[in-house]
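Structural description and commentary
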Amino acid sequence: MLLFLSVPQPRPPGARTRAGAARVARWRRQRLRLQQLRRLRGLLRGLRGRPGAGSRRRGRMALCGQAAGAASLPSELIVHIFSFLPAPDRLRASASCSHWRECLFYPALWPQLRICLRVSPAEQPRLEFLMRKCGWFVRELRVEFAAENYLSGGGGPGDGGGADPGTGGEEVEALQLSTRWLEVLRTYLELVLCVLVSIRNNRNLQKFSLFGDISVLQQQGSLSNTYLSKVDPDGKKIKQIQQLFEEILSNSRQLKWLSCGFMLEIVTPTSLSSLSNSIANTMEHLSLLDNNIPGNSTLITTVELERFVNLRSLALDFCDFTAEMARVLTDSNHVPLQRLSLLVHNVSVMHKSLDNMPNDEHWKALSRKSTSLRVYIMAFDIKSEDMLKILKPSIPLERIHFDSYITCVSGAIVDLISRQYDKFLTHFILMNDVIDTSGFPDLSDNRNEDPLVLLAWRCTKLSLLAIHGYTVWAHNLIAIARLRGSDLKVLEVTEESIDFDQGELADQDVDPVHNLIEQV
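Model, not experiment: these values are computed from the prediction. (Residues numbered from 1 in each chain as written. Predicted model: local features only at pLDDT ≥ 70, side-chain atom pairs only at ≥ 80, totals over all residues. Heavy atoms only, no water.)

1. Points about the environment of Glu-398
Quick reminder of the rule: By the criteria applied, helices consist of DSSP H or I runs no shorter than four residues and strands consist of E runs no shorter than two, each listed in order from the N terminus. Only protein chains enter the accessibility calculation, which uses a 1.4 Å probe; a residue whose area is less than 20% of its type maximum is buried, one above 50% is exposed, and one in between is partly exposed. Residue contacts follow a heavy-atom distance rule, with two residues in contact if any of their heavy atoms lie within 4.5 Å.
You can see Glu-398 is positioned in strand β9 (residues 397-404). What makes Glu-398 buried here is its relative accessible area of 13%. In sequence terms Glu-398 and Thr-426 are 28 residues apart; their C-alpha atoms lie 5.5 Å from each other. Leave out the neighbours within four places in its chain, and Glu-398 touches Arg-339, Arg-374, Val-375, Phe-424, Leu-425, Thr-426 and His-427.

2. Some thoughts on the pairing of β9
For clarity, the threshold we go by: What makes two strands pair is DSSP finding at least two bridges between them. By definition, the crossover connecting two strands over a helix is right-handed if that path, from the first strand to the second, turns clockwise as seen with the strands pointing away from the viewer.
Among the eight residues of β9, eight are classified as buried, and the element is accordingly described as predominantly covered. As paired strands, strand β8 (residues 374-380) and β9 are joined by six bridges and run parallel to one another. Each residue of the ladder has a partner; that of Tyr-376, found in β9, is Arg-399. Note that the unit made of β8, helix α16 (residues 384-390) and β9 has a crossover that is right-handed. In this fold, the crossover linking β9 to strand β10 (residues 427-432) by way of helix α17 (residues 411-420) has right-handed handedness.

3. Here's the deal with the packing of aromatic side chains
Just so we agree on the cut-off: Centres within 6.5 Å make a pair out of two Phe, Tyr or Trp rings, where for Trp the six-membered ring is used; the pair is then stacked when the planes are under 30 degrees apart, edge-to-face when over 60, and tilted otherwise.
What the rule picks out here adds up to eight aromatic pairs. Each ring, one from Phe-82 and one from Trp-100, has its centre 5.7 Å from the other, and the planes form 80°; the classification is edge-to-face. Of this pair, Phe-82 sits in helix α3 (residues 75-82) while Trp-100 is found in helix α5 (residues 98-104), placing the two residues 18 residues apart along the sequence. You can call Phe-82 buried: its relative accessible area is 1%. A ring pair is formed by Phe-105 and Phe-129, whose centres lie 5.7 Å apart and whose planes are at 80°; its orientation type is edge-to-face. In this pair, Phe-105 sits in the loop between α5 and β1 (112-118) while Phe-129 sits in helix α6 (residues 123-134), placing the two residues 24 residues apart along the sequence. Classification of Phe-105 by relative accessible area gives buried; the value is 13%.

4. Observations regarding helix α10 (residues 236-251)
Which entries qualify depends on this criterion: By this rule the span expected of a helix is its residue count minus one, scaled by 1.5 Å.
Its 16 residues give α10 an end-to-end C-alpha distance of 22 Å, which sits within 8% of 22 Å, the value for a rise of 1.5 Å per residue. Taken as a whole, α10 has its buried residues at Ile-238, Ile-241, Gln-242, Leu-244, Phe-245, Ile-248, Leu-249 and Asn-251.

5. Remarks on the packing of α17 against helix α18 (residues 451-458)
Short version of the rule: To obtain each axis, a line is fitted to C-alpha atoms, and for helices this fit is confined to the stretch in contact; angles are then taken between N-to-C directions over 0 to 180 degrees. An angle below 35 degrees is treated as roughly parallel, one above 145 as roughly antiparallel, one from 65 to 115 as roughly perpendicular, and anything else as oblique.
Axis separation between α17 and α18 bottoms out at 9 Å; the angle between their running directions is 10°. Taken together, the axes of α17 and α18 are roughly parallel relative to one another. Residues Gly-411, Val-414, Asp-415, Ile-417, Ser-418 and Arg-419 of α17 pack against Pro-451, Leu-452, Leu-454, Leu-455 and Arg-458 of α18.

6. Considering the nonpolar core
Defined as follows: Here, nonpolar core means buried Ala, Val, Leu, Ile, Met, Phe, Trp, Tyr and Cys residues that are tied together by side-chain atoms lying within 4.5 Å of each other.
Within the largest apolar cluster, 112 residues are counted, with the highest numbers of intra-cluster contacts made by Leu-141 and Phe-428. For this core, the leading source of residues is helix α7 (residues 167-198), giving 12 residues. Ignoring sequence-local partners within four residues, the contact set of Phe-428 consists of Ile-400, Phe-402, Val-414, Ile-417, Leu-452, Leu-455, Leu-462, Leu-464, Leu-465 and Ala-466. Grouped together as the second largest cluster of nonpolar side chains are eight residues, Leu-289, Leu-343, Tyr-376 and Phe-380 included.

Set out below in structure tokens:
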């Protein structure tokens, strides 16, 4: 009789029980990790090339095989290394080899993407490449469009800057400006389409922000439909952009942050209806700023606002924020609002009425409901009589920003702000872009006392006072700042033009004057 004996393989101790099996699995993983670390250590020593170890280094490299080198590192390890590098260094490191280039656009490396685009045809291929790689998985996307010098009147010889003065020169300049307008709008539509097409199927998008160039509104007012009709005669591109935007909203499953400011012909009064009730109920930030909506049309209605019960931050056109909306925000089913940003534009005031705006009682009720509420107002060329109607005493005004290009801010308005909001005001920004700054601000109603100095003295929480085009009493303001201590920064700006972040009003996590703050 033949007897077959099998020799059992040695097992680690404790392998017969369930807990022992878990220890065995953990032991094997540790042993495998240790082997990988030893292999990587030998590879790095070989790459480092210490002097006096030539033959030994060649032996170690031979043990690693023919694929020894940076390209032989595992993809997981390369991605882990890339995660410690800033974006510019990642791009430079990805130029090492094709393998590293493939690891560059791993989804875990790009959860956030912030793009600032010049409205130029040269940006389109770069944008297409980047959005093709990251658009389908990015979780937080912020895109800003800047027209730069396309709309400026001056230019070099190629732009007709040497045209003779007179009627002929003015006609040539107007023609060139019209041509630049058409070029900007045509490129703008292509860039917007590129962004929206790339993220149309992204269901992981949590924050989505789009900001147009605020200088378009500042320098030229509302865009005439004449230019858009020339660029897009049948309106197909505009309609495609609006449909893509609504498709992105309808496909979203995790969206909690939506900002769209100064974007031409993207948001319509029916756009928010594409959001499902589950997404609307969990939305935390909503910003819709576009004063080009004609007539009494609004981007969000009171009925639509009732779905957004979890809003903590809201940014709207002031003419769209009615007393009924204030009542909705005070309902018990809504969470307390923390930030309310309001855009007051002369174009909106001309086409829409201020009769439905909240009165002082509405603001009191809203402040009782939201005890930590703070309001940020940005005013473009608003008349003094209109501002007197808007500035109710019970508004918890924290920041106010005046951009005046036609009208001047009166001393009475500044004095009213310093008296009513001395307990809340932290930022006061006064900007203008007119050539003649002798009457800015208009202090004809109070020549004995400078209201800006009184504002700096009364508002004890004021941390930033930025002034552009007003230097008469600048030394008094600096003296007040020294008396107040380091908690007040006074910034005297004398340049002819100021560029600020166009997302400052809609995106509350961005410092509204981050590129203006400097120590005096």
